[in-house]
Amino acid sequence: MASAITTLAADAPTLSAANTGFMLICSALVMLMTPGLAFFYGGMVRVKSSLNMLMMSFISLGIVTILWVLFGFSLAFGTDSGSLIGWNSDYVGLSGIGITELWDGYTIPVYVFAVFQLMFAVITPALISGALADRVKFSAWALFTALWVTVVYFPVAHWVWGAGGWLFELGVIDFAGGTAVHINAGAAALGVILVIGKRVGFKKDPMRPHSLPLVMLGAGLLWFGWFGFNAGSWLGNDDGVGAVMFVNTQVATAAAMLAWLGYEKLRHGSFTTLGAASGAVAGLVAITPSGGAVSPLGAIAVGAIAGVLCAMAVGLKYKFGFDDSLDVVGVHLVGGVVGSLLVGFFATGGVQSDVAGLFYGGGLEQLGKQAIGVFSVLAYSLVASALLAFLLDKTIGMRVTEDDEVSGIDQVEHAETAYDFSGAGGGSSSRSTAVPTTPAAAASKKVDA
């Protein structure tokens with residue numbers, strides 16, 4: 001008996017400084033994705049809404065962090081209750097966790113796992129904000145964020161990743177958040193915009209991005225941070241699975257960008273920078289659930305398929321008349337669905353698990369499980385998010401007034417403008433009133449308007 005106890009003690013995981021350091025770096029990379037998303041979205045809107053767009057992402061870092069520490073981590077990853085939600089009083093306020101206490105079955109502290117998962121919780125509601133550009137009260141958005149993560153994100157994270165969660169136990173594969181993050185956010189975006197309606201001038205006025213360089217900067221930061229998002233989700237670096245996920249993240253993103261640009265050239269006649277950025281994000285979304293199950297060749301297929309389908313999907317808002325301002329539905333919902341379902345086709349059975357997809361002799365069983373995960377999360381998030389938006393709209397109001405929307409939400413909600421050229425004309429002189437308006441001054445007036 002004594003020898004058996006000794007053997008068990010020897011086999012128990014011990015804290016790994018290498019894995020702990022690796023996961024802290026990955027956590028910081030995922031945190032950087034939220035400011036990256038802010039730049040990505042902020043450049044895509046008109047100048048009069050750019051600060052508001054930045055703030056709708058940034059505020060998530062504040063709200064979700066506090067809620068996660070208070071009760072979110074406990075709800076998402078505490079002891080399972082009925083396969084729907086978790087709870088562990090030691091996780092409330094992170095007050096009952098020892099500093100060297102390990103996450104069950106792994107070689108990293110609970111604190112490290114908690115902060116890594118926190119960054120996922122932060123960026124998910126921020127993703128939703130891109131669908132609501134130009135028209136939502138900042139106070140209403142902040143309250144929606146707090147309610148949404150509590151009612152939707154924390155339970156869904158438990159379903160998908162929590163021990164005992166019903167999708168986890170079913171065997172749904174979601175390596176890093178295709179269902180819990182991207183389908184969840186995309187379906188929520190659709191639910192909210194169906195409630196709050198279209199922007200003033202939708203399908204009539206030009207609503208082009210005001211700064212494509214900002215969009216490209218944001219896309220680059222997202223691509224960079226996504227390596228932590230994806231490779232870190234294996235929670236260690238001991239067996240090579242995280243390395244495969246790292247490679248697949250790069251490969252699928254490249255394939256999706258090229259596929260989107262190819263479709264765009266054939267369909268519209270141009271290779272656009274916005275298309276390159278959007279295609280890259282579509283590939284990142286699609287490989288997120290599937291990258292730990294497929295080979296690099298499979299990752300090329302996943303990225304290429306997602307690039308084309310997402311490029312096709314972004315035009316649906318004009319066909320069906322829903323105003324998804326920055327294509328959250330077309331990229332994140334569709335990309336998440338595509339990436340999650342393709343696990344059922346391209347899983348090799350030789351990376352994160354021995355589960356094989358249809359093209360590797362595994363039949364249709366895993367595809368069926370993936371479909372259950374996809375459509376259950378989609379339906380729950382869509383309905384719950386629409387109800388939350390409806391309640392807020394009928395109580396405090398979700399939208400700014402039409403006049404405020406037309407004049408610019410930055411000034412109304414934040415009392416600021418993104419660009420101030422008031423000093424660009426140089427010093428004044430006694431002859432200044434006689435000098436005709438310069439092109440710079442005219443540009444300044446146009447921007448301020």
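Values in this document were obtained by computation on a predicted structure and should not be read as measured data.

**Student:** How should a nonpolar patch on the surface be read in this particular structure?
**Tutor:** Judged by side-chain polarity, Leu358, Phe359, Tyr360 and Leu364 come together as a nonpolar surface patch covering roughly 410 Å² of accessible area. Checked against the element boundaries, Phe359 lands in the loop between helix H13 (328-346) and helix H14 (365-395). Residue Phe359 is classed as exposed on the basis of its relative accessible area of 52%.

**Student:** So what exactly am I meant to see when it comes to H14 here?
**Tutor:** Each full turn of the α-helix corresponds to 3.6 residues, which orients residues three or four apart in the same direction. Helix length check: H14 (31 residues) gives 46 Å between terminal C-alpha atoms against 45 Å at 1.5 Å per residue, within 8%. Remark: Gly397 follows H14 within two positions and exhibits a positive phi of approximately 85 degrees.

**Student:** Mind showing me how you'd approach unusual backbone geometry here?
**Tutor:** Backbone geometry places Asp134, a non-glycine residue, at a positive phi of 85 degrees. The residue Asp134 is located in the loop between helix H4 (110-129) and helix H5 (138-161) in this model. On the accessibility criterion, Asp134 (3% relative accessible area) is buried. The backbone of Asp327 shows a phi angle near 65 degrees, a positive value even though the residue is not glycine. In this structure Asp327 comes out as buried when scored by relative accessible area, which is 17%.

**Student:** I'm lost on the nonpolar core in this one. Help?
**Tutor:** One recurring pattern in soluble globular proteins: nonpolar side chains tend to sit buried together. If you look at the biggest cluster of nonpolar residues, it comprises 108 residues, and the most contacted ones within it are Phe40, Phe73, Leu132 and Tyr153. For this core, the leading source of residues is H5, giving 15 residues. Setting aside chain neighbours within four positions, we find Phe73 in contact with Trp68, Gly78, Tyr91, Leu94, Ile97, Trp103, Val110, Phe113 and Ala114.

**Student:** Mind showing me how you'd approach the packing of helix H11 (residues 296-313) against H13 here?
**Tutor:** Two quantities define a packed helix pair, namely the angle between the helix axes and the distance between the axes. The interhelical angle for the contact between H11 and H13, taken along N-to-C directions, is 145 degrees, at an axis separation of 9 Å. In the packing of H11 onto H13, the handedness of the crossing is right-handed. The segment H11 lies against H13, with Gly298, Ala301, Val302, Ile305, Ala306, Leu309, Cys310 and Ala313 engaging Gly330, Val331, Val334, Gly335, Val338, Leu342 and Phe346. Each residue belonging to the contact of H11 with H13 can be placed in one class, and the counts come to 12 nonpolar, three polar and no charged.

**Student:** Where do I start with the environment of Cys310 in this structure?
**Tutor:** Within the fold, Cys310 resides in helix H11. In this structure Cys310 comes out as buried when scored by relative accessible area, which is 0%. As for Cys310 and Gly283, which are separated by 27 residues in sequence, their C-alpha atoms are 9.3 Å apart. Ignoring any residue separated from it by four or fewer positions in sequence, one finds Cys310 in contact with Trp260, Ala282, Gly330, Val331, Val334 and Gly335.

What counts, and at which threshold
- Residues numbered from 1 in each chain as written.
- Predicted model: local features only at pLDDT ≥ 70, side-chain atom pairs only at ≥ 80, totals over all residues.
- Heavy atoms only, no water.
- Patch = residues over 30% accessible without salt bridge, like charges linked within 9 Å, V, L, I, M, F, W, Y side chains within 5 Å.
- Areas by Shrake-Rupley, 256 points an atom, 1.4 Å probe, with all protein chains shown as cover.
- Salt bridge = Lys/Arg side-chain N within 4 Å of Asp/Glu carboxyl O.
- Helix = DSSP H or I, 4+ residues; strand = E, 2+ residues; numbered from the N terminus.
- Buried < 20%, exposed > 50% of the residue type's maximum accessible area, 1.4 Å probe, protein only.
- Expected span 1.5 Å × (residues − 1).
- Core = buried A, V, L, I, M, F, W, Y, C linked by side-chain atoms within 4.5 Å.
- Contact = heavy atoms within 4.5 Å.
- Axes fitted to C-alpha atoms, helices over the stretch in contact; angles between N-to-C directions.
- Left-handed = near helix turned anticlockwise from the far one by under 90°.
- Nonpolar A, V, L, I, M, F, W, Y, C, P; charged D, E, K, R; others polar.

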